[in-house]
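Chains, contacts and geometry: an overview
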Amino acid sequence: MADRLDQPRQPGPRLRPHYDPEAFGRLSERIARFLGTARFLVYMTGFVAVWVLWNVFTPESWRFDPYPFIFLTLMLSLQASYAAPLILLAQNRQADRDRVQSELDRAAADRAQADLEYLTREIAALRMALGEVATRDYIHSELQRLQEDLQEPSTPADPAGADR
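Each value, and the rule that gives it
Residues numbered from 1 in each chain as written. Predicted model: local features only at pLDDT ≥ 70, side-chain atom pairs only at ≥ 80, totals over all residues. Heavy atoms only, no water. Helix = DSSP H or I, 4+ residues; strand = E, 2+ residues; numbered from the N terminus. Rg over C-alpha atoms; globule rule 2.2 N^0.38 Å. Buried < 20%, exposed > 50% of the residue type's maximum accessible area, 1.4 Å probe, protein only. UniProt positions renumbered as here; feature names shortened; annotations may be inferred. Patch = residues over 30% accessible without salt bridge, like charges linked within 9 Å, V, L, I, M, F, W, Y side chains within 5 Å. Areas by Shrake-Rupley, 256 points an atom, 1.4 Å probe, with all protein chains shown as cover. Salt bridge = Lys/Arg side-chain N within 4 Å of Asp/Glu carboxyl O.

Focus on the overall build of the protein chain
Check the secondary structure of the protein chain and you find four helices and zero strands. Of the regular secondary structure in the protein chain, the N- to C-terminal order runs α-α-α-α. Here the protein chain has a C-alpha radius of gyration of 44 Å; the compact-globule value for 164 residues is 15 Å, and the former is much larger. The principal-axis extent of the C-alpha atoms belonging to the protein chain is close to 150 × 70 × 15 Å. Within the protein chain, the proportion of its 164 residues that are buried is 10%.

Focus on the UniProt feature "coiled-coil region" (unreviewed entry) in the protein chain
UniProt feature "coiled-coil region" (unreviewed entry): in the numbering of this structure it lies at residues 97-129. Here residues 97-129 is 100% helix and 0% strand, with 48 Å between the C-alpha atoms at its ends.

Points about a nonpolar patch on the surface
A grouping of Trp 54, Trp 62, Phe 64, Phe 71, Leu 74 and Met 75 is seen on the molecular surface, where their side chains present a nonpolar patch of about 630 Å² in accessible area. Of all the elements, helix H3 (residues 70-131) adds the most residues to the nonpolar patch, at three residues. Structurally, Leu 74 is set in helix H3. Residue classification places Leu 74 among the exposed residues on the basis of a relative accessible area of 51%.

Some remarks on the UniProt feature "transmembrane region" (unreviewed entry) in the protein chain
In this numbering, the UniProt entry assigns the feature "transmembrane region" (unreviewed entry) to residues 40-57 and 69-89. Helix makes up 100% of residues 40-57 and strand 0%, whereas the separation of the span's terminal C-alpha atoms amounts to 25 Å.

Things to note about unusual backbone geometry
Comment: phi is negative for the bulk of residues other than glycine, and the bulk of peptide bonds are trans. The backbone phi angle of Phe 69 is positive, close to 55°, even though this residue is not glycine. When you line up the elements, Phe 69 lands in the loop between helix H2 (38-57) and H3. When its relative accessible area of 12% is taken as the criterion, Phe 69 is described as buried.

Right, dumping it as structure tokens:
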């Protein structure tokens, strides 16, 4: 029977294991964060020191990795082969977060720039409008001048030199 297009498919058996990429990414970040600490270096140094001391100073029947420490080298190589991709995955996720944050910062800066330009135009318009408005000092000086004009004694018109 042909698949019907108006109905979803029934999930079939999966050949690949399913995992949540986000959960795996968070786990890789936690591991990478731990690998970059002094605590990890101390633990790893202690582990290697105990391994070497055990395989050098214990009786031969108890030793499991004689002097060239091939098994230790294999363990450290295995740890490094898993640590490197986990660290790279964590760095990629951090780069993605940084890119998103950079885009948000750029958008905020663009909005702030637009707001600043708008406010600059508004201030310029206000200055131009204030240039046409009479200020308090101008009105005060005009009123004083008018008051002085009114207070000056008016001299009667001299009839063609009467005292002379």
